[in-house]
Amino acid sequence: MEPFDYAAPKTLNEAIALLVERGDRARVLAGGTDIIVQVREGRRHADLLVDIKRIPEVNILHYDPREGLRLGAAVPCYRIYEDADIARLYPGLIDAVSLIGGIQIQSRASVGGNLCNASPAADTVPALIVHEARCVVMGPAGQRLVPVEEFCVAPGRTVLGRGELLVELRLPPPRPHFGAHYLRFIPRNEMDIAVVGVGAAVALDERRERCVQARIGLAAVAPTPLLVPEAAAALMDGPLTESHFDRAAALAQAAARPISDLRGDAAFRRHLVGVLTKRALRTALQRARET
Amino acid sequence: MTKKAHVQATVNGQPVEFLCEPRQSLLEVLRDELRLTGTKEGCNNGNCGACNVLLDGRLVNSCCVLGVEVEGCQITTIEGIASPQGLHPLQQKFLEHAALQCGICTPGFIVAAKALLDRHPRPTEYQVRHWLAGNLCRCTGYDKIIRAVLDAAGVAASG
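Parameters and conventions
Residues numbered from 1 in each chain as written. Chains lettered and ligands numbered in written order. Predicted model: local features only at pLDDT ≥ 70, side-chain atom pairs only at ≥ 80, totals over all residues. Heavy atoms only, no water. Pairing = 2+ DSSP bridges. Helix = DSSP H or I, 4+ residues; strand = E, 2+ residues; numbered from the N terminus. Right-handed = clockwise from strand over helix to strand, strands pointing away. Buried < 20%, exposed > 50% of the residue type's maximum accessible area, 1.4 Å probe, protein only. Contact = heavy atoms within 4.5 Å. Buried area = accessible area lost by both parts, 1.4 Å probe. Salt bridge = Lys/Arg side-chain N within 4 Å of Asp/Glu carboxyl O. Polar contact = N/O pair within 3.5 Å; in protein donor to acceptor, adjacent residues only side chain to side chain. Nonpolar A, V, L, I, M, F, W, Y, C, P; charged D, E, K, R; others polar. Domains from an automatic or database assignment. Core = buried A, V, L, I, M, F, W, Y, C linked by side-chain atoms within 4.5 Å. Axes fitted to C-alpha atoms, helices over the stretch in contact; angles between N-to-C directions.

## As for the pairing of strand S2 (residues 26-29) of chain A
All names here are of chain A. The pairing of S2 with strand S3 (residues 48-51) spans four bridges and is classified as parallel. Bridge pairing links Val28 to Val50 in S3. For the crossover that starts at S2, traverses helix H2 (residues 35-40) and ends in the parallel S3, the hand is right-handed.

## A word on the pairing of S3(A)
One face of the sheet, then the other: side chains in a regular strand alternate in exactly this way. Residue and element names in this part refer to chain A. Burial of the side chains of S3 extends over both faces: Leu48 and Val50 are buried on one face and Leu49 and Asp51 on the other. Pairing of strand S1 (residues 5-7) with S3 involves three bridges; the strand directions are parallel. Looking at S3, one finds that Asp5 is bridged to Leu48.

## With respect to helix H5 (residues 143-152) of chain B
Within H5(B), the full set of buried residues consists of B:Ile145, B:Ile146, B:Ala148, B:Val149 and B:Leu150. The secondary structure elements touched by the buried residues of H5(B) are helix H2 (89-96), helix H3 (106-119) and helix H4 (125-131) of chain B.

## Some remarks on the interface of chain B and chain A
Each partner contributes to the interface: chain B provides 29 residues, whereas chain A provides 29 residues. Both sides of the chain B and chain A interface together cover about 2,400 Å² of buried area, and 57% of this is carbon and sulfur. Linking chain B to chain A there are four salt bridges. Summed over the shared surface of chain B and chain A, the number is 12 residue pairs in polar contact (both at pLDDT 80 or more). Those elements that provide at least two residues to the side of chain B that touches chain A are strand S3 (52-55), strand S4 (58-61) and H4 of chain B. The greatest single-element share of the side of chain B that touches chain A, amounting to four residues, is contributed by S4(B). Grouping the constituent residues of the side of chain B that touches chain A by class yields 12 nonpolar, 12 polar and five charged.

## A look at unusual backbone geometry
In the Ramachandran plot, A:Arg208 falls in the positive-phi region, its phi being about 60 degrees despite a non-glycine side chain. For A:Arg208, the position within the fold is in the loop between strand S12 (196-204) and strand S13 (211-219).

## A word on the domain arrangement of chain B
Residue and element names in this part refer to chain B. On domain assignment, one finds that chain B holds domain 1 (5-80) and domain 2 (89-152). Placing the centre of domain 1 and that of domain 2 at their C-alpha centroids yields a distance of 21 Å. On the domain 2 side, the residues contacting the 13 residues of domain 1 number 13 residues. Inspection of the region where domain 1 meets domain 2 yields zero salt bridges. The interface formed by domain 1 and domain 2 includes four residue pairs in polar contact (both at pLDDT 80 or more). Of all the elements in the fold, those that place two or more residues in the side of domain 1 that touches domain 2 are S3 and S4. If you tally residues by element for the side of domain 1 that touches domain 2, the top one is S3, at three residues.

## So, the nonpolar core
Residue and element names in this part refer to chain A. Ranked by size, the top nonpolar core spans 32 residues in total, and within it Val202, Leu218, Leu235 and Leu281 carry the most contacts. For this core, the secondary structure elements donating two or more residues are S12, S13, helix H9 (229-233), helix H10 (242-255) and helix H11 (266-290). For this core, the leading source of residues is H11, giving eight residues. Grouped together as the second largest cluster of nonpolar side chains are 30 residues, Ile86, Tyr90, Ala118 and Leu169 included.

## Things to note about the sheet that holds S3(A)
Residues and elements named next belong to chain A. The sheet built from three strands is open, its strands ordered S1-S3-S2 with parallel pairing. This sheet does not close on itself; its edge strands, each paired only once, are S1 and S2. Neighbour to neighbour, the strand axes of the sheet diverge by 25 degrees on average, direction disregarded. On top of the sheet, helix H1 (residues 12-22) reaches S1, S2 and S3; it is set at about 165 degrees to S3, its chief contact.

## Considerations on the pattern of salt bridges
Two side chains carrying opposite charge are able to pair once their charged atoms lie near each other. All told, the structure shown has 27 salt bridges over all chains when counted by the stated rule. Across the pair A:Arg175 and A:Glu132 runs a salt bridge, and its minimum N-O distance is 3.2 Å. Remark: A:Glu132 occurs in the loop between helix H8 (124-130) and strand S6 (134-139) and A:Arg175 occurs in the loop between strand S10 (165-171) and strand S11 (178-185); sequence separation between them is 43 residues. Residue classification places A:Glu132 among the partly exposed positions, given a relative accessible area of 22%. Close ionic contact of A:Arg170 with A:Glu168 constitutes a salt bridge, the shortest N to O distance being 2.8 Å. For A:Glu168, a relative accessible area of 2% gives the class buried. Within the structure, one salt-bridge network assembled from shared partners comprises A:Asp51, A:Lys53, A:Arg108 and B:Glu69.

This is the structure:
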């Protein structure tokens, strides 16, 4: 592995100062399950790894009924799914953090890192999209909020500018009668990269028949994870039926822009978008009815 | 070459200190600096689990942790699994069930299985298979490993 320096700042300001000074040659280290391997294999370059895990703000995991969930950028997957309250309130997120890698990966890998790695196939991103997450970004010019669906701009690239750092994700409190689900297709049972991933969330009216709000997010079918508002809009008309799901699935398929690669060709991926969108919606609906 | 860092940690209950370059993984530190060669390098990219150790009680791939990150941490490697009285029940059951052939994956499987039994002392077969999904074995076909783990937990295997 090429040599690099290591710094473990204890404050956000120190981390930002290092990132400003070293620019593109500095990389943030959280769980390390992507960046260490990428640097070792020469797929990303770093003169300096900035380990953020000693900064208190990036380790926050806190739910408040009015504010929602504050999820620090370096919080590893296991802390999220082992928290019973969060698991109940954010089921789509829990689906995603429970299926990333194996137990070994979940011990270290963070949702913030999954997002900053900006893989088109990132499992947590469709889940964050359907839970309406916003990204708290800090940099030399101060703080800004970025909707999660706008955070990735190309494979491996994000909106983060020089000196900027993802500090936390903020997920609003779930609406009444809310359910969400994330699932993916992989050829194995575990431990694989999504051929297609789909997240869905629905919020129902008081009678739990009509959909009052919905989100659908897709992974591995475009250069970045996608929010598909037109597919969600197709669920808004009258009591929810299977034909709504058919329409939403068709619109999600139309929004997908898949490529063909070793994990699946474009036509297969588009087919999967339809199948998985319907399955994600059915489970999200079932969960919404149970709340 | 970058400056070496001085790191203090606890490995298998013993305080240790070592010098390492930032680019050295915990796996490299264990094997090359501390001479604990029971932990194996398989894929070196987080897929195979051969390098599994416990870091502050959590199962990790030591190839995906930097040596400099473990300052102040508690690490358990395969060398720390047996007691002075003898083999750990998992080790004994791996022997009895012949749950290994070439042996490269075995330390990782034992450490991973210990992490499982520490959290779920009476796991189902499904739990064992799911928990060990991050450990690859190209010899056994897994079945003997699963049976050994279930036997060590005092649970009868199905089928």
